[in-house]
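# Structural overview for review
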Amino acid sequence: MNGIKLISTGSALPERVVTNHDLAKIVDTNDEWIVSRTGISSRRHCSGGETHAGLCLAAARQALERGGIAPEQIGVCIVATVSQDYFTPAAACLLQKELGLPEDTVCFDLNAACSGFVYGLHVAECLLAAAPRKYALVIGGEVLSRLMDFTDRSTCVLFGDGAGAALVEWGERFPSLHAVLGCRGNAEALNVPGIRTGLPSYVHMDGQTVFRFAVEALPHCAKEVADKAGIPLEQVDRFVFHQANQRIIDFAVKKLKVDPAKCTGNIARTGNTSAASVPLLLDELVTSGALASGQKALCVGFGAGLTWGGALLELA
Ligand code: UT7
């Protein structure tokens, strides 16, 4: 068996905190509805000179520093995102320059929406097996506030900005991620229109359809990862679920019959940060000591595509 271990994490959030009360001043909503239907109290939005690349860079730098790994040791750099600064070049290419990664580093962005970070972990695991250098940066970064229609209360209250980074190492005796990835193509349920449509690039979501998909996909994917790894769910130390809606998480916790104390999240403070959601939470768990060396985190993302992805990640 060979695979990857998590060496260190990093994160970056924009300075500006946007509360539910702030949003209630610009759109017909209220704190009570948002908290009770989603669990979100506030989220961060980029302002001034803050950029997607800036957030990803700060998170990646922190992960490198904490891991004690030099840029020259990185073989793969993947940014999972749907809201990068440029269609091209990829955010990962901007990081190559700013971090000083070697020119033969495999650098690209990955669009699997809210499943993107977990997709990225699996892709990094596969690529590192063939790479000359055995460390990868996998970053999930989003500036979703740029993709919001602030007259649409059904979406603009949900999403936030931020970036989380994971530094991983591949080893011949390291455990496999036992990744489970999937897709059920559906452009109607959740989309951001591209150039061809002539429509503004705002997030459009049929919330109830996505909710029904999520409450099926999240527990099913978590169980499949544990089955693939050959361990009972009780042996998982932490569950790092995509922070889309507290009600979806509560449903999954009940269905899986896992300890709710192992499933704590940060949605109240971050909102839904799509591809950044899982790595931001992972970073909180690692830095707080809630995920300790040798422990396993079962990460699950789900969202536009419709996609899902789960992986069992061990902290070195
Ligand atoms: O990360 C990608 C994956 N995304 C998800 O997993 C999101 C999944 N979906 C959801 O989390 C939920 O469907 C939402 C949070 C988006 C919506 O919650 P809901 O309980 O499904 O609400 P709803 O869309 O059925 O709307 C219920 C009512 C409607 O009013 P009427 O028609 O009953 O009078 C909406 O107009 O709530 C109203 N509403 C709001 N009211 C106040 C919708 N948004 C708001 C709002 N403030 N922000």
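Nothing here was measured: the structure is a model prediction, and the numbers come from that model.

## Regarding the packing of aromatic side chains
- On inspection of all chains with the given rule, the structure shows two aromatic pairs.
- Pairing Phe213 with Trp308 gives two aromatic rings, centres 6.1 Å apart and planes at 50°, and the pair type is tilted. On the criterion of sequence distance, the pair formed by Phe213 in helix 7 (residues 207–229) and Trp308 in strand 13 (residues 305–314) is long-range, its members being 95 residues apart.
- Centre to centre, the rings of Phe239 and Phe241 are 5.6 Å apart; their planes meet at 40°, and the pair counts as tilted. In this pair, the class of Phe239 matches that of Phe241, namely buried.
- Seen from the ring of Trp170, Lys134 lies directly overhead, with NZ or CZ sitting 4.7 Å from the centre.

## Describing the side chain of Ser145
- Within the secondary structure, Ser145 is located in the loop between strand 6 (135–143) and helix 6 (153–156).
- Leave out the neighbours within four places in its chain, and Ser145 touches His45, Cys46, Phe150 and Asp161.

## Some words on the domain arrangement of the protein chain
- Per the domain assignment, the segments of the protein chain are domain 1 (3–171) and domain 2 (180–314).
- If you average the C-alpha positions of domain 1 and of domain 2, the two centres end up 15 Å apart.
- Counting from both sides, the interface comprises 47 residues of domain 1 and, opposite them, 43 residues of domain 2.
- Both faces considered, domain 1 and domain 2 share a buried interface measuring about 3,500 Å² in area, 66% of it formed by carbon and sulfur atoms.
- By the criterion of area lost to domain 2, the three top residues of domain 1 are Cys114, Val118 and Tyr119, representing 18% of everything that side buries.
- The partner of Asp283 in a salt bridge is Arg66, with the nearest N and O atoms 2.8 Å apart.

## Points about the nonpolar core
- In terms of nonpolar packing, the biggest core is built from 48 residues, with Phe239, Phe241, Leu298 and Phe302 touching the most fellow members.
- Of all the secondary structure elements, the ones that give two or more residues to this core are helix 7, strand 11 (238–241), helix 8 (246–256), strand 12 (296–303) and strand 13.
- At 10 residues, the largest contribution of residues to this core is made by helix 7.
- Taken domain by domain, this core gets at least three of its residues from each of domain 1 (3–171) and domain 2 (180–314).
- When neighbours within four sequence positions are excluded, Phe239 is seen to be in contact with Leu233, Val258, Lys262, Cys263 and Leu298.
- Of all hydrophobic cores here, the second largest spans 32 residues; its members include Leu121, Ala131, Ala166 and Leu282.

## Some thoughts on the pattern of salt bridges
- Taken as a whole and judged by the stated rule, the model has nine salt bridges.
- One salt bridge in this structure joins Arg146 and Asp85, with 3.0 Å as the shortest N-O distance. Here Arg146 is found in the loop between strand 6 and helix 6, whereas its partner Asp85 is found in the loop between strand 4 (74–80) and helix 4 (91–99), with 61 residues between them in sequence.
- Using a relative accessible area of 28% as the deciding quantity, one classes Asp85 as partly exposed.

## Observations regarding the site of the ligand
- Taken together, the neighbourhood of the ligand is formed by 23 residues, with Thr29, Arg37, Gln208, Asn245 and Asn272 sitting nearest.
- Within the backbone of Gly207, one N or O atom sits 3.0 Å away from a nitrogen atom of the ligand.
- Between the ligand and Asn272 there is a distance of 2.6 Å, counted from an oxygen atom to a side-chain nitrogen or oxygen.
- Put simply, the ligand lies in the second largest pocket.

## Considering the layout of surface pockets
- By volume, the largest pocket amounts to about 660 Å³.
- What lines the largest pocket is a set of 28 residues, among which Val82, Asn111, Leu147, Asn191 and Val192 lie closest to the centre.
- Split into classes, the residues belonging to the lining of the largest pocket amount to 17 nonpolar, nine polar and two charged.
- Counting contributing residues per domain, the lining of the largest pocket is built from domain 1 (3–171) and domain 2 (180–314), each supplying no fewer than three.

## A word on the sheet that holds strand 12
- Strand order in this open sheet of four strands is 8-13-12-11, and the pairing throughout is mixed. Only two strands of the sheet have a single neighbouring strand rather than two, namely strand 8 (180–186) and strand 11. Geometrically, the sheet is characterised by an average inter-axis angle of 10° between neighbouring strands, direction not taken into account.
- Direction of pairing for strand 8 relative to strand 13: antiparallel, over a ladder of five bridges. Paired with Val180 across the bridge in strand 13 is Gly310.
- Sitting on the sheet, helix 5 (residues 116–130) is in contact with strand 8, strand 12 and strand 13, with an inclination near 55° to strand 13.

## Description of the packing of helix 7 against helix 8
- The N-to-C vectors of helix 7 and helix 8 enclose an angle of 40°; their axes lie 9 Å apart at closest approach. Accordingly, the angle class assigned to the pair helix 7 and helix 8 is oblique. The two elements helix 7 and helix 8 meet at a crossing, and its hand is right-handed. Across the interface between the two elements, Phe211, Ala214, Val215, Leu218, Pro219, Ala222 and Lys223 from helix 7 touch Arg247, Ile248, Phe251, Ala252, Lys255 and Leu256 from helix 8.
- Taken together, the residues of the contact of helix 7 with helix 8 break down into 10 nonpolar, no polar and three charged.

Calculation rules
- Residues numbered from 1 in each chain as written.
- Predicted model: local features only at pLDDT ≥ 70, side-chain atom pairs only at ≥ 80, totals over all residues.
- Heavy atoms only, no water.
- Phe/Tyr/Trp six-rings, centres within 6.5 Å; stacked < 30°, edge-to-face > 60°.
- Helix = DSSP H or I, 4+ residues; strand = E, 2+ residues; numbered from the N terminus.
- Buried < 20%, exposed > 50% of the residue type's maximum accessible area, 1.4 Å probe, protein only.
- Lys NZ or Arg CZ within 6 Å of the ring centre and 35° of its normal.
- Contact = heavy atoms within 4.5 Å.
- Domains from an automatic or database assignment.
- Buried area = accessible area lost by both parts, 1.4 Å probe.
- Salt bridge = Lys/Arg side-chain N within 4 Å of Asp/Glu carboxyl O.
- Core = buried A, V, L, I, M, F, W, Y, C linked by side-chain atoms within 4.5 Å.
- Near = heavy atom within 4 Å.
- Polar contact = N/O pair within 3.5 Å; in protein donor to acceptor, adjacent residues only side chain to side chain.
- 1 Å grid on protein atoms, 1.4 Å probe; cavity = no way out; pocket = protein on both sides within 12 Å on 5 of 7 lines; lining within 4 Å.
- Sits in = over half its atoms within 2 Å of the grid points.
- Points joined across faces, edges and corners; volume = space filled by probe spheres on them.
- Nonpolar A, V, L, I, M, F, W, Y, C, P; charged D, E, K, R; others polar.
- Pairing = 2+ DSSP bridges.
- Axes fitted to C-alpha atoms, helices over the stretch in contact; angles between N-to-C directions.
- Parallel < 35°, antiparallel > 145°, perpendicular 65-115°, else oblique.
- Left-handed = near helix turned anticlockwise from the far one by under 90°.

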